Amino acid sequence: KSGAPLLLSDTEIHREIAGNAAVFVDLLHSDFDSYSVSAPESASVAHQMKKIWNDEKMRKNLSDKSLDMAKKYSWKKSAEEHLSLYRKLLTKSTK
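For every chain, the first residue of the written sequence is number 1, and numbering continues from 1 along that sequence. Confidence filtering applies because this is a predicted model: local features only for residues at pLDDT of at least 70, side-chain atom pairs given and counted only at 80 or more, and all residues used for totals across whole chains, interfaces and linings. With hydrogens and water set aside, each side-chain value is computed from the structure's full complement of heavy atoms.

Our focus in this paragraph is the overall build of the protein chain. In this description a helix means any DSSP run of H or I spanning at least four residues, a strand means any run of E spanning at least two, and both kinds are numbered starting from the N terminus. Check the secondary structure of the protein chain and you find four helices and two strands. Helices and strands in the protein chain line up, N terminus first, as β-α-β-α-α-α. Put simply, of all contacts in the protein chain between residues at least 6 apart along the chain, 46% involve residues at least 24 apart. Throughout, the Shrake-Rupley method with a 1.4 Å probe supplies accessible areas, and for residues the shown protein chains are the sole cover considered. Per element, the accessible surface of the protein chain, about 7,700 Å² overall, is 58% carbon and sulfur. Contacts were defined at the residue level, with two residues in contact if any of their heavy atoms lie within 4.5 Å.

Given below as structure tokens:
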């Protein structure tokens, strides 16, 4: 829970989870393998990083939003929800 501004790849799941608490970069519509990012994408990532770095108001806003978002998630909550689901599934399978 560092409050770091989020810079994420522009995917549906990232948008669903982060919403307006992140800046998104499209890395999916290009030719690159899993170990490297092509020049246009690295330039886009670098551009967004500079934008966040140079805009204190934006950085603070993203930081605050990331802290708020982090409050929704915890390992304890995740474990409890998984345990509840497993119990429901076990109850259904024994009937």
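Right, let's talk about the nonpolar core for a bit. Within soluble globular proteins, side chains that are nonpolar generally end up buried alongside one another. Within the largest apolar cluster, five residues are counted, these being Ala-18, Ala-21, Ala-22, Phe-24 and Met-69. The residues touching Phe-24, leaving out its near neighbours within four places in the chain, are Leu-8, Ser-9, Asp-10, His-14, Arg-15, Ala-18 and Gly-19. Take the buried residues of types Ala, Val, Leu, Ile, Met, Phe, Trp, Tyr and Cys, join any two whose side-chain atoms come within 4.5 Å, and each joined set is a nonpolar core. The classification of residues rests on relative accessible area computed with a 1.4 Å probe and restricted to protein chains. Under 20% of the type maximum is buried, over 50% is exposed, and intermediate values are partly exposed.

Turning our eyes to something else, we now look at the side chain of Ser-66. Here Ser-66 lies in helix H3 (residues 56-70). At 2.9 Å, the side chain of Ser-66 and the backbone oxygen of Ser-63 are in polar contact. Sequence-distant contacts of Ser-66, that is, excluding residues within four places in its chain, are made with Gly-3, Ala-4, Leu-6 and Ala-21. Residues adjacent in sequence count toward polar contacts only when both atoms are side-chain atoms; beyond that, a polar contact is any pair of N or O atoms within 3.5 Å, and within protein one must be able to donate a hydrogen and the other to accept it.

What follows deals with a nonpolar patch on the surface. Residues enter patches when they are more than 30% accessible in relative terms and free of salt bridges; like-charged ones are connected within 9 Å and nonpolar ones (Val, Leu, Ile, Met, Phe, Trp, Tyr) within 5 Å. We count a salt bridge whenever a side-chain nitrogen from Lys or Arg sits within 4 Å of a carboxyl oxygen from Asp or Glu. A cluster of nonpolar residues, Ile-13, Ile-17 and Tyr-73, forms a patch on the protein surface that exposes about 280 Å² of accessible area. Tracing the chain through its elements places Ile-13 in helix H1 (residues 12-18).

Time to look at the environment of Ser-44. In this structure, Ser-44 sits in helix H2 (residues 39-54). Since its relative accessible area comes to 28%, Ser-44 is described here as partly exposed. Taking the C-alpha atoms as reference points, Ser-44 and Val-25, 19 residues apart in sequence, are found 6.9 Å from one another.

This next bit is on the pattern of salt bridges. For the structure shown, the criterion picks out four salt bridges. For Lys-71, the salt bridge identified is with Asp-68, shortest N-O distance 3.7 Å. Residue Asp-68 is classed as partly exposed on the basis of its relative accessible area, which comes to 46%. Here Lys-76 makes a salt bridge to Glu-80, at a shortest N to O gap of 3.9 Å. Here Lys-76 and its partner Glu-80 are both found in helix H4 (residues 75-93), four residues apart, which amounts to about one turn of the helix. Given the relative accessible area of 61%, Lys-76 is considered exposed.

All we've got here are geometric facts, nothing functional implied.
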